[in-house]
Amino acid sequence: MQTPDFRPNRRTALGLIGTALSLPASLPVWAQEASAQESRRPRLDVPYVPTPQEVVDRMLDMAKVTSRDFVMDLGCGDGRMLVTAARKFGASGFGVDINPDRILEANDNAKTAGVADKVSFEVRNLFSTPIEKASVLTMYLLPDVNLQLRPRILKEMKPGSRVVSHAFTMGDWETDQRAQVGVRDIYFWIVPAQVEGKWTVREGNDTYALDLKQTYQKFDGLATVNGAVAKVTGGQLIGDRISFTVEPTNGRHRIFVGKVDGDKMSVDTASAADVARDWNATRAN
């Protein structure tokens, strides 16, 4: 099996400046045709700059990609991210790019590497590409593009899905992990479950009415416990895994560790004396 050469190609950009202007008649026919062809190309939201292979490898390692993953690459370029994920880890995947030249190159690279049965590429606008199927999302875009994608990532992707970005963050969404390869930054997030709102928690004979406020993977709020109001602190989400503390009421505080499943929560583990051992919660309407 031959591995594609992912060294950057030298490309000639003709007519990139002033392509909307009329072409001088004095230009040779070949130049007029080339400039006209360039003017018909789709507008790129992000310039094509290949991600170095060592950065690709580190991004996939951070996401802990396995053969069970479906990896999506938004702005896939020559396809090296997905080709590597399939060849190295056996993952399947789908990549999109608005530039037809890059998609042709990506499909050729997948065939050369012998992974065309695992990954596919299409000419498509990344903003209109569904992402809910992805268990891993990879990106090398721009800060404003990341910010436009952020609400969709939080809403559409399943809790526990992983997101890796080369070079750029997603604003105030704090990373779960950060790494460097040489001078290049890599940012990693785990998509958190959505728990903001009102919940009713039952633990033994106690009932807790929670009102939670969430900021990405962190949250806090208030709890009404047997008529007394207490603070909810230390709220943390790692995918669908949740932990939080209800501060002392009547001389006791409780630590809740569990799992979120849509509009329900339930106990996951209880090892310490102050960890609630038998509890569940439902989201209030």
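Enquirer: So what's going on with the packing of helix α2 (residues 53-62) against helix α3 (residues 80-89)? Residues and values would help.
Expert: Where α2 contacts α3, the two axes come as close as 10 Å, and the packing angle between them is 60 degrees. Relative to α3, the element α2 lies oblique. Remark: the crossing between α2 and α3 carries right-handed chirality. Across from Gln53, Val56, Asp57, Met59, Leu60 and Asp61 in α2, the residues of α3 making contact are Arg80, Met81, Thr84, Ala85, Lys88 and Phe89. Classifying every residue of the contact of α2 with α3 by side-chain character gives six nonpolar, two polar and four charged.

Enquirer: Residue-level account of the nonpolar core, with values.
Expert: One finds Val65, Val71, Val115, Val119, Phe121 and Ile186 to be the most contacted residues of the largest nonpolar core, which totals 29 residues. Residues within four places of phenylalanine 121 in sequence aside, it is in contact with Cys76, Gly79, Leu82, Val83, Phe94, Gly95, Ile103, Ala106, Asn107 and Ala110. With 23 residues, the next largest nonpolar core counts Phe70, Met139, Leu149 and Val191 among its residues.

Enquirer: So, the packing of aromatic side chains: which residues are in play, and what are the values?
Expert: Summed over all chains, the structure comprises eight aromatic pairs. Summarising the aromatic geometry, the rings of tyrosine 208 and phenylalanine 256 are spaced 5.3 Å apart at their centres and angled 80 degrees between planes, so their arrangement reads as edge-to-face. Residue tyrosine 208 is located in strand β9 (residues 206-215), and its partner phenylalanine 256 is located in strand β13 (residues 252-261); the two are separated by 48 residues in the primary sequence. Pair check on accessibility: tyrosine 208 and phenylalanine 256 agree, each one buried. Taken together, a centroid distance of 5.2 Å and an interplanar angle of 90 degrees make the contact between phenylalanine 256 and tryptophan 279 edge-to-face. Linking phenylalanine 256 in strand β13 with tryptophan 279 in strand β15 (residues 279-283), this pair joins segments that are 23 residues apart in sequence. Within the aromatic cluster, the residues linked to one another by ring pairs are Tyr208, Phe219, Phe244, Phe256 and Trp279. Lying over the aromatic face of phenylalanine 70, lysine 133 brings its terminal NZ or CZ to 4.5 Å of the ring centre.

Enquirer: With reference to specific residues and values, describe helix α4 (residues 100-113).
Expert: Its 14 residues place the ends of α4 20 Å apart at the C-alpha level, agreeing with the 20 Å of an ideal helix rising 1.5 Å per residue. All of the buried residues along α4 are Arg102, Ile103, Glu105, Ala106, Asn109, Ala110 and Ala113. Buried positions in α4, seen along its axis, are confined to an arc of 160 degrees and lie on one side of it. Structural note: α4 exposes Leu104 and Lys111 on the side pointing more than 90 degrees away from its buried face. Residues of α4 that are buried make contact with α3, β2 (92-97) and β3 (119-123). Of the residues that open α4, the one with a side-chain oxygen 3.0 Å from the backbone nitrogen of aspartate 101 is asparagine 99.

Enquirer: If you had to explain the pairing of strand β7 (residues 184-190) to someone new, which residues and values would you point to?
Expert: Most of β7 is tucked away, with six of its seven residues classed as buried. With five bridges connecting them, strand β5 (residues 162-166) and β7 associate as antiparallel partners. Across the sheet, the residue bridging to arginine 162 is isoleucine 190, located in β7. Counted between consecutive antiparallel strands, the loop separating strand β6 (residues 177-181) from β7 contains two residues, among which glycine 182 sits at a positive phi close to 65 degrees.

Enquirer: Got a sec to walk through the environment of arginine 152? Specific residues and values, please.
Expert: Assignment of secondary structure puts arginine 152 in helix α5 (residues 143-156). Judged by relative accessible area, arginine 152 falls into the buried class, the value being 17%. When residues no more than four places from it in sequence are discounted, the contact partners of arginine 152 are Leu126, Phe127, Ser128, Thr129, Pro130, Ile131 and Met157.

Enquirer: Lay out the confidence of the model for the chain with the relevant residues and their values.
Expert: When pLDDT drops low, the exact placement of atoms in the prediction is not to be read closely. With 81% of its residues at a pLDDT of 70 or more, the chain shows a mean pLDDT of 86. A low-confidence stretch, residues 8-40 stays under pLDDT 50, and its non-local contacts, those more than four residues away or across chains, total 19 contacts.

Enquirer: How would you explain the sheet that holds strand β4 (residues 136-139) if you had to name every residue and give the values?
Expert: Read from one edge to the other, the open sheet built from seven strands follows the order β3-β2-β1-β4-β5-β7-β6, with strand pairing classed as mixed. Edge strands, defined here as strands with exactly one partner in the open sheet, are β3 and β6. Along the sheet, successive strands turn relative to each other by an average axial angle of 15 degrees, direction set aside. Relative to β2, strand β1 (residues 70-74) is paired through five bridges, and the arrangement is parallel.

The rules we used
Residues numbered from 1 in each chain as written. Predicted model: local features only at pLDDT ≥ 70, side-chain atom pairs only at ≥ 80, totals over all residues. Heavy atoms only, no water. Axes fitted to C-alpha atoms, helices over the stretch in contact; angles between N-to-C directions. Helix = DSSP H or I, 4+ residues; strand = E, 2+ residues; numbered from the N terminus. Parallel < 35°, antiparallel > 145°, perpendicular 65-115°, else oblique. Left-handed = near helix turned anticlockwise from the far one by under 90°. Contact = heavy atoms within 4.5 Å. Nonpolar A, V, L, I, M, F, W, Y, C, P; charged D, E, K, R; others polar. Core = buried A, V, L, I, M, F, W, Y, C linked by side-chain atoms within 4.5 Å. Buried < 20%, exposed > 50% of the residue type's maximum accessible area, 1.4 Å probe, protein only. Phe/Tyr/Trp six-rings, centres within 6.5 Å; stacked < 30°, edge-to-face > 60°. Lys NZ or Arg CZ within 6 Å of the ring centre and 35° of its normal. Expected span 1.5 Å × (residues − 1). Arc of directions from axis to C-beta. Polar contact = N/O pair within 3.5 Å; in protein donor to acceptor, adjacent residues only side chain to side chain. Pairing = 2+ DSSP bridges. pLDDT = per-residue confidence, 0-100.

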